[in-house]
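Each chain, written out:
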Amino acid sequence: MNLLNPFNISWRFFRVWQRNLVVYRRIWKVNFLPPLLEPLFYLLAFGMGLSTLIGTISHRNIEISYLAFITPAILAINMMQNSFFETTYASFVRMYYQKTFDAMMATPLSLGEVITAEIIWGATKSVFATAIMLIVLSGFGLVKYPEGLLIIPLSFLGGIAFGAVGMFFTGIVPSIDMFNLPIFLFVTPMFLFSGTFFPVENLPHWAQQLALVMPLTHLVALTRHLCLGLVTMELLLPTIYLLIFSILFFPLAIIVMHRRLIQ
Amino acid sequence: MSHVIEAHDLVKVFNGFKAVNGVSFELAAGECLGLLGPNGAGKTSTIRMTYGFSPMTSGELNVFGLDIRTQWREIKGRIGVCQQENSLDPDLTVQQNLEVFGRYFNIPKKIARKKAQQLLEFIAMEHRQEAKVSELSGGLMRRLVLARALINDPKLLILDEPTTGLDPQSRHQVWERLELLRSEGLSILLTTHYMEEAARLCDRLIIMDHGEILVHGKPSDLINENAGHSVIEIARPGNEVREFLRSEDIRYDDLPHRILIYGRENDQLFDIIRERYCFENCSLRMATLEDVFLRLTGRQLRE
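These figures come from a predicted structure and were not determined experimentally. In every chain, residue numbers begin from 1 and rise along the written sequence. All chains are assigned letters beginning at A, and all ligands numbers beginning at 1, according to the order in which they are written. Totals for whole chains, interfaces and linings use all residues, but because this is a predicted model, local features are given only for residues with pLDDT of at least 70 and pairs of side-chain atoms are given and counted only at 80 or more.

### Some thoughts on the overall build of chain B
- Across its full length, chain B holds 11 helices and 14 strands.
- Overall, chain B is about 75 × 45 × 40 Å in size when its C-alpha atoms are taken along their principal axes.
- Put simply, a residue is buried when 20 or more other C-beta atoms lie within 10 Å of its own C-beta and exposed when 12 or fewer do; between those, it is partly exposed, and each C-beta is set from the backbone. For chain B, the residues scored as buried account for 41% of the 303 residues in total.
- Once C-beta atoms have been placed from the backbone, residue pairs whose C-beta atoms lie within 7 Å are recorded as contacts. Sequence-distant contacts, at least 24 apart, represent 70% of the contacts inside chain B between residues at least 6 apart. The numbering of helices and of strands both runs from the N terminus, where a helix is a DSSP run of H or I of at least 4 residues and a strand a run of E of at least 2.

Spelled out as structure tokens, the structure:
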């Protein structure tokens, strides 16, 4: 395929994915600690701090504890953060400061393969972190099984969606400081308003509409259904949304990175 | 003779700026070809096109008889590249840098490990295999970059300023290894700022400026044709010597505090000048590539 085509993508991308795995294993203790401890921090803060003030919450006409309400949100936020921060800050460092992509492009790898591997690696980190968190949260009886096991493949889909949009930002930001903008305007509002710590229905109508455009809202909804063991047709629409979001931003990320790096 | 690289009329335009403007050259198998030129001459752009890093704007470029536009993957699998900027992977150890890089070429794990060991011996770094890249000196890093470029047993080695920024010891270390590789029949394309490096390593040179080739040929021929056999340098020259040179129609460069006269073989010019015009502040030396380079590309600073 022609050198100018951004979509020269073969299975060779797996080699780049393996490179990231080698690095991950070198510092696995650092990588394992956050997903192990973070859910405990959240449970401590919200469970002991807020739960007593709030009591129970009505979700789909079921009364659930506040802890059961926020557990899926903790998982979904973690899926978002792991892949988004991997394909923004970490990928930017590899691309711009470490010249890792330059070195790869002196081998039979194409840029399309490098970017594909970075996004899939971001999703892989989401899966690893989600699996560790699930074990911790299950210890508190907050996840219903076997339905809860579906959260693992879901974390891959969520990781692809947020990894792809993160890589898209990496392709367009002029400098690493500028990631503040998508974090301030995209990640932080989602963290707060995507049905994470209170139901979306509590928002004014216009804000509810806005929340429905955001991918985290759908990822939280899906995770919540699976945590509660509710495998219903309601899973279909948010899944389709995340698929379309990924199918849109994955090639878009490759195109902007191609424009940035191939000169 | 079969050509490893055949480049015809290469053009590279960046945002309306012509970095490379109609460059043509060939590299024969087993040959070492050097690209010389001031900063911004288009050397790096030219070799980046050669290894498929940067798509050419127009022209024809075949490597191993394959078209870079369509068969870039096969071509890249058979060349080794040392880029100008340090692109070693700081997240990996010395050994892992070689192994992981070998995996990008789809080299099986066991073979990549064995090859990495051999290459560490070749660059005399076996004892540093577990070191982090950030702990290495500039010279060791450059040797590691060279070893990494050899992981796939390339038939062509492309080096962009392989010894820039190195101390003399490290530079000689790199040169010795490159000479060894050359003697084994590896074809080499390199860019450099160092005339000594070009003269020592290269069979043939191309001097470029402003994206175009000025001259090409063997180092000794380039010196003879463009600077002559010897150079007389006169420090703080008087006006009489200038008048004499003009009247005799002799090639010379007039610098603010120095005159360089380019002489032919066996001429008596030095004796005449020393006797008539200066007694202690003039000297005779062999013409070098540096004379050629500065005569052709001028003495003004770049960038």
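### Here's the deal with the overall build of chain A
- Helices and strands together make up the secondary structure of chain A, namely 10 helices and 2 strands.
- Each helix and strand of chain A, placed in order from N terminus to C terminus, yields the pattern α-α-β-β-α-α-α-α-α-α-α-α.
- When we talk radius of gyration, it's over C-alpha atoms, and the globule rule is simply 2.2 Å times the number of residues to the 0.38. The C-alpha radius of gyration computed for chain A amounts to 19 Å, which stays within 12% of the reference 18 Å derived for 263 residues, consistent with globular compactness.
- Overall, chain A is about 60 × 40 × 35 Å in size when its C-alpha atoms are taken along their principal axes.
- Counting the 263 residues in chain A, one finds 46% classified as buried.
- The contacts of chain A with a sequence gap of at least 6 include a subset with a gap of at least 24, amounting to 78%.

### Remarks on the interface of chain B and chain A
- Contact residues are listed per partner, giving 27 residues for chain B and 22 residues for chain A.
- Grouping the constituent residues of the side of chain B that touches chain A by class yields 12 nonpolar, 8 polar and 7 charged. Only Asp, Glu, Lys and Arg are considered charged, only Ala, Val, Leu, Ile, Met, Phe, Trp, Tyr, Cys and Pro nonpolar, and every remaining residue, Gly among them, polar.

### Some points on the environment of R15 of chain A
- With respect to the helices and strands, the residue R15 of chain A is situated in helix α1 (residues 13-26).
- Taking the C-beta count within 10 Å as the criterion, R15 of chain A has 23 such neighbours and is therefore assigned buried.
- Taking the C-alpha atoms as reference points, R15 of chain A and A117 of chain A, separated by 102 residues in sequence, lie 8.1 Å from one another.
- With sequence-adjacent residues up to four places away left out, R15 of chain A is seen in contact with L109 of chain A together with R103 and Y104 of chain B.

### Focus: helix α7 (residues 180-193) of chain A
All names here are of chain A.
- How far a helix is expected to stretch is found by multiplying one less than its residue total by 1.5 Å. Compared with an ideal rise of 1.5 Å per residue, which puts 14 residues at 20 Å, α7 spans 19 Å between its outermost C-alpha atoms and is within 8% of the ideal.
- The angle between axes fitted to the seven residues ending at a residue and the seven residues starting there is what we call the bend at that residue. Most pronounced at V187, the bend in α7 amounts to some 25 degrees, and the proline P189 follows within four residues.
- Buried within α7 are the following residues: V187, M190 and F193.
- Tucked into the core, α7 has its buried residues touching α3 (66-97), α8 (205-213) and α9 (215-227).
- Backbone geometry just after α7 places G195 at a positive phi near 70 degrees.

### Focus: the sheet that holds strand β1 (residues 3-14) of chain B
Residues and elements named next belong to chain B.
- By the convention used here, strands pair only if DSSP detects at least 2 bridges between them. Strand order in this open sheet of 4 strands is β2-β1-β4-β5, and the pairing throughout is antiparallel. With one partner strand each, in any of the chains shown, β2 (17-28) and β5 (66-67) form the two edges of the open sheet.
- Taken together, the 5 bridges between β1 and strand β4 (residues 58-63) define a ladder with antiparallel strand orientation. Counterpart to H8 in the pairing with β4 is E60.

### Quick word on helix α3 (residues 94-104) of chain B
- With 10 of 11 residues buried, α3 of chain B is to be regarded as a mostly interior element.
- Taken together, the buried positions of α3 of chain B are occupied by V94, Q96, N97, L98, E99, V100, F101, G102, R103 and Y104 of chain B.
- Those residues of α3 of chain B that are buried are in contact with α1 and α4 (100-104) of chain A together with α4 (109-122) and α5 (138-149) of chain B.
- Just downstream of α3 of chain B lies N106 of chain B, where phi reads positive at about 65 degrees.

### Quick word on the sheet that holds strand β13 (residues 258-263) of chain B
All names here are of chain B.
- Taking strand neighbours across the sheet as the criterion, the 4 strands line up as β12-β13-β11-β14 in an open arrangement whose pairing is antiparallel. The open sheet has two free edges, formed respectively by β12 (252-255) and β14 (282-286), since each of these has just one partner strand. The average undirected angle you get between the axes of adjacent strands in this sheet is 15 degrees.
- Of the strand pairs in this sheet, strand β11 (residues 230-235) and β13 are connected by 6 bridges, and their pairing is antiparallel. What sits directly across from E233, in β13, is L260. Axis definition: a line fit to C-alpha positions, over the contact stretch in the case of helices; interaxial angles, taken between N-to-C directions, run 0 to 180 degrees.

### What about the packing of helix α6 (residues 151-172) of chain A against α9 of chain A?
Residue and element names in this part refer to chain A.
- Running from N to C, α6 and α9 cross one another at 175 degrees; their axes reach a closest spacing of 11 Å. It follows from the interaxial angle that α6 and α9 lie roughly antiparallel. Two secondary-structure elements touch here, α6 through I151, L154, G158, A161 and F162 and α9 through P215, L219, L222, T223 and L226.
- Classifying every residue of the contact of α6 with α9 by side-chain character gives 8 nonpolar, 2 polar and no charged. Under this scheme an angle from 65 to 115 degrees is roughly perpendicular, one under 35 degrees roughly parallel, and one over 145 degrees roughly antiparallel; angles in between are oblique.

### As for the packing of α5 of chain B against helix α6 (residues 168-183) of chain B
Residues and elements named next belong to chain B.
- Two elements in contact, α5 and α6, have axes whose closest approach is 9 Å; the angle formed by their N-to-C orientations is 15 degrees. By the angle between their axes, α5 is roughly parallel relative to α6. Where α5 crosses over α6, the handedness of that crossing is right-handed. Residues G138, G139, R142, R143 and L146 of α5 lie in contact with α6, whose contacting residues are S170, Q173, V174 and R177. In this scheme the crossing of two helices becomes right-handed for a clockwise turn of the near helix relative to the far one and left-handed for an anticlockwise turn of less than a right angle.

### As for the pairing of strand β10 (residues 212-217) of chain B
Residue and element names in this part refer to chain B.
- Direction of pairing for strand β9 (residues 204-209) relative to β10: antiparallel, over a ladder of 5 bridges. Looking across to β10, one finds that I207 is bridged to V215.
- From the end of β9 to the start of β10, which pair antiparallel, there are 2 residues, and H210 there has a positive phi angle of about 50 degrees.

### Topic: the confidence of the model for chain B
- Put simply, chain B has an average pLDDT of 90, and 97% of its residues get 70 or more.
- Per the prediction output, this complex has pTM 0.92; the corresponding ipTM is 0.90. What pLDDT expresses is the predictor's confidence in each residue, scored from 0 to 100.

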